[in-house]
Number of protein chains: 2
Amino acid sequence: MAQIPATMRAAIITEHGGPEVLQIAERPVPEPGEGEILIKVVAAGINRADVLQRMGKYPVPKGAPDIPGLEVSGTVAATGSGATRYREGDKVVALISGGGYGEYVAVAETIALPLPSPLSFAQGAGLPEAAFTVWHNVFECGSLRPGETLLVHGGTSGIGTMAIQLGKAFKAQVIVTAGSDARCEAARQIGADRAVNYSSEDFVAAVSDFTGGRGADVILDMVGGDYTKRNYEAAAPEGRIVQIAFLKGARPEIDLATMMRKSLIHTGSLLRPMPTEAKAELARNLEETVWPLIAAGWVTPVIHAIVPFDEPAKAHAAIEGEHIGKIVLNIGEED
Amino acid sequence: MAQIPATMRAAIITEHGGPEVLQIAERPVPEPGEGEILIKVVAAGINRADVLQRMGKYPVPKGAPDIPGLEVSGTVAATGSGATRYREGDKVVALISGGGYGEYVAVAETIALPLPSPLSFAQGAGLPEAAFTVWHNVFECGSLRPGETLLVHGGTSGIGTMAIQLGKAFKAQVIVTAGSDARCEAARQIGADRAVNYSSEDFVAAVSDFTGGRGADVILDMVGGDYTKRNYEAAAPEGRIVQIAFLKGARPEIDLATMMRKSLIHTGSLLRPMPTEAKAELARNLEETVWPLIAAGWVTPVIHAIVPFDEPAKAHAAIEGEHIGKIVLNIGEED
């Protein structure tokens, strides 16, 4: 068994503020509990929730580490009692409730998944949050079916680029919105059938045009605000609108007459506070449905930048700026 | 075969306005088309949609008769070609897209259902709209399961009184809101486990108290307006809010953070514009699940008043005033 140190380096939030409040500090290495594995982290995905946490706008759920970071790739360094699936040295990825910006993290083995063989550790670190989010929201909550139309707002985000690929892999038509012609071109390269530059084009009209007046069957929305009412307009009869964030406002006005006339379903979810058993079930479903597509090379996380561990502030600055796909922090070396 | 006259009496909307614009007029008797039956109407249920139509606020769907009336009971007077289920004289009830306030109405036989034997024609006339609406919205859209809690706004309306009975028949806990202590007492008599007088009590607090802080699993709402945000607060995790009207406003503000945190589903439907095939499937489901409960005497439409055909204005005045359960118009005599 490899030597596990008592302490590790971690990028922590020293106080609420801009990217510069992220600093490297010494922290105890966590111990894997019952049913947990200890992962020696190679890379960690950066998420908007980390930024909100840094700004003091996203309280850390009870029991979660205060070190930020919701997804990692790495190797199994140790196993807790009753954890039998993985062996030391296995390459894994995991969705975690915090602690990803540290050299080691402990996680229930039921939530870890094997690093799919075609992926680098950097690509693997950008996989869990997007894959869990898109699968749960688009396919489980939104029930996207082959032949249907999926509208994805923020088409070039980490989640957007995953939604395009999974939507296409499951035989849907995919239309996305993005904020520039360059982003729209990138979304099309990744597989979108149609990309709408929201700064010059109305997405409701574009969706109507693209679907012959029918509308989108599933809408994955992280925008909220005035998009909410427009989503109702852009939705097909029996359309499902799935809310995963609300960058433009949490308290929009809706139109109940449109909801009733079209029999719309408006729903949403938050991955982070989900109980471990629910995440484990999601992990099993993903391994069965999505992992084979990644193994076959049909779905690949899009990585915008790999930022050195010493410069966590750069990673946060990058996610707040222009990017296409995921930004990951390179925490350690592959053994 | 009974003699079918060429013309019939019908209560029609002479112009948009108050109850007094309803007048009896002579109209041609409709002919049953392919797969249709002609019903000699004994009684017609009065609905709020009829009132809106009278006021010019509810346009008649394309292809629907301009005579108001969305539900009837009566006997089969004739059958169209290909209509094989019913024979002349059979007692039936039917949900229709209009025409109920006339002595005869033609309807697809797949949408008509046998008048359950314990019911009078008056009770039967008050059954279809409430049964179809509650079944579709609470059980199909809302997926109410045994042991769950159902919150019904407008607990003493025709729909509310049916929702109480069906909720209890399917082993849910039922909590209702109503506007007076007398109405609350009536709702409890009909079977509600808890009735909240909304003019003196906050329903969010009452639901929380009743469910030990968990909230309602399914909320059937015809109120909208400021109730919408309060419904989100009153809902349990994974709660389903089903919108069937919006008496207090169609454009409420919602809270996406609450929706996401609780994984709520907000949906709704309109029965009237539903395609005939969808209504037929709903009718089959009702016959299988709800009709046996009515036959057994466990579920009985609550009838507030039976108004003579000559006084349709009285029926509309009654539904706009205080009432508990359905108001029906006595159109013809039982043969």
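Residues numbered from 1 in each chain as written. Chains lettered and ligands numbered in written order. Predicted model: local features only at pLDDT ≥ 70, side-chain atom pairs only at ≥ 80, totals over all residues. Heavy atoms only, no water.

Let's shift gears to the overall build of chain A. From N to C terminus, chain A includes 11 helices and 15 strands. The dimensions of chain A, computed from C-alpha atoms along their principal axes, are 60 × 40 × 35 Å. Across the 335 residues that make up chain A, the buried fraction comes to 56%. A fraction of 68% describes how many contacts in chain A between residues 6 or more apart in sequence connect residues 24 or more apart. By element, 51% of the accessible surface of chain A is carried by carbon and sulfur atoms, the whole surface being about 13,000 Å². Positive and negative charge centroids in chain A, built from 29 and 40 side chains respectively, lie 5 Å apart. (Helix = DSSP H or I, 4+ residues; strand = E, 2+ residues; numbered from the N terminus. Buried < 20%, exposed > 50% of the residue type's maximum accessible area, 1.4 Å probe, protein only. Contact = heavy atoms within 4.5 Å. Areas by Shrake-Rupley, 256 points an atom, 1.4 Å probe, with all protein chains shown as cover. Lys, Arg positive; Asp, Glu negative; His and termini not counted. Charge placed at Lys NZ, Arg CZ, Asp CG, Glu CD.)

Further remarks concern the relation of the copies chain A and chain B. Its rotation angle being 180°, the transformation that places chain A on chain B also includes 0.0 Å of axial translation and leaves an RMSD of 0.0 Å. Such a combination of rotation and displacement between the chain copies is what one expects of a two-fold axis. Of every C-alpha in chain A, the one belonging to Glu253(A) sits nearest the axis of rotation, 2.1 Å from it. Comparing interface residues between copies, 100% of those in chain A also sit at the interface in chain B, which points to an isologous, same-surface contact. (Least-squares fit on C-alpha atoms with pLDDT ≥ 70 in both.)

The next point concerns the confidence of the model for chain A. Here chain A averages 96 in pLDDT, and 99% of its residues register 70 or above. The ipTM for the predicted assembly is 0.93, set against a pTM of 0.94. (pLDDT = per-residue confidence, 0-100.)

Glancing now at the sheet that holds strand 9 (residues 173-178) of chain B. Taken in spatial order, the 12 strands make up an open sheet running 10(A)-9(A)-8(A)-11(A)-12(A)-13(A)-13(B)-12(B)-11(B)-8(B)-9(B)-10(B), and their pairing is mixed. Edge positions in the open sheet fall to strand 10 (194-197) of chain A together with strand 10 (194-197) of chain B, since each of these has one partner strand only. Neighbour-to-neighbour, the strand axes of the sheet open up by a mean angle of 15°, direction not taken into account. The pairing of strand 11 (residues 216-221) of chain A with strand 12 (residues 235-243) of chain A spans five bridges and is parallel. Bridge assignment links Val218(A) to a residue of strand 12 of chain A, and that residue is Arg240(A). On the sheet, helix 7 (residues 227-234) of chain B packs against strand 8 (149-152), strand 11 (216-221), strand 12 (235-243) and strand 13 (265-268) of chain B and is oriented at approximately 150° with respect to strand 12 of chain B. (Pairing = 2+ DSSP bridges. Axes fitted to C-alpha atoms, helices over the stretch in contact; angles between N-to-C directions.)

What follows covers the packing of helix 3 (residues 128-141) of chain A against helix 4 (residues 158-169) of chain A. Residue and element names in this part refer to chain A. Closest axis-to-axis distance for the helix 3/helix 4 pair is 9 Å, and the angle between their directions is 55°. The pairing of helix 3 with helix 4 is recorded here as oblique in orientation. In this structure, helix 3 meets helix 4 at a crossing whose hand is right-handed. On helix 4, the residues that touch Ala-130, Ala-131, Thr-133, Val-134 and Phe-139 of helix 3 are Gly-158, Ile-159, Met-162, Ala-163, Leu-166 and Gly-167. Among the residues forming the contact of helix 3 with helix 4, the class breakdown is eight nonpolar, three polar and no charged. (Parallel < 35°, antiparallel > 145°, perpendicular 65-115°, else oblique. Left-handed = near helix turned anticlockwise from the far one by under 90°. Nonpolar A, V, L, I, M, F, W, Y, C, P; charged D, E, K, R; others polar.)

Chain A puts 27 residues into the contact, and the matching count from chain B is 27 residues. Where chain A abuts chain B, roughly 2,200 Å² becomes buried across the two surfaces, and 65% of that area is made up of carbon and sulfur atoms. For chain A, the biggest contributors to the area lost against chain B are Arg251(A), Leu256(A) and Met260(A); these three give 31% of the whole. The tally of links between chain A and chain B comes to four salt bridges. Here Glu253(A) ties to Arg251(B) by a salt bridge, and the two come within 3.8 Å at their closest N and O atoms. There are nine residue pairs in polar contact (both at pLDDT 80 or more) connecting chain A and chain B. Where the side of chain A that touches chain B is concerned, the elements lending two or more residues are helix 7 (227-234), helix 8 (256-262) and strand 13 (265-268) of chain A. At five residues, helix 8 of chain A tops the list of elements feeding residues into the side of chain A that touches chain B. The pairing of strand 13 of chain A with strand 13 of chain B spans three bridges and is antiparallel. (Buried area = accessible area lost by both parts, 1.4 Å probe. Salt bridge = Lys/Arg side-chain N within 4 Å of Asp/Glu carboxyl O. Polar contact = N/O pair within 3.5 Å; in protein donor to acceptor, adjacent residues only side chain to side chain.)

Residue and element names in this part refer to chain A. Domain annotation of chain A identifies domain 1 (7-127 + 272-330) and domain 2 (133-268). Contacts between the two partners involve 20 residues from domain 1 and, on the opposite side, 16 residues from domain 2. A per-residue breakdown of the area domain 1 buries against domain 2 is headed by Leu-282, Val-299 and Ile-324, which together make up 27% of the total. Our count for the contact surface shared by domain 1 and domain 2 stands at one salt bridge. Per-element tally for the side of domain 1 that touches domain 2: the top contributor is helix 9 (residues 276-289), with four residues. Looking at the side of domain 1 that touches domain 2 residue by residue, the classes come out as 11 nonpolar, six polar and three charged. (Domains from an automatic or database assignment.)

On to the nonpolar core. With 83 residues, the main nonpolar core has Ile37(A), Ile39(A) and Trp291(A) as its most contacted residues. Broken down by element, this core gets its largest block of residues, seven residues, from helix 3 of chain A. Both domains that furnish three or more residues to this core are identified here as domain 1 (7-127 + 272-330) and domain 2 (133-268) of chain A. Not counting residues within four places of it along the chain, the set of residues in contact with Ile37(A) comprises Pro32(A), Val76(A), Ala78(A), Thr79(A), Ala83(A), Tyr86(A), Val92(A), Val105(A), Ala106(A), Val107(A), Glu109(A) and Ala112(A). Counting residues in hydrophobic clusters, the runner-up holds 82 residues, among them Ala130(B), Val152(B), Leu166(B) and Leu286(B). (Core = buried A, V, L, I, M, F, W, Y, C linked by side-chain atoms within 4.5 Å.)

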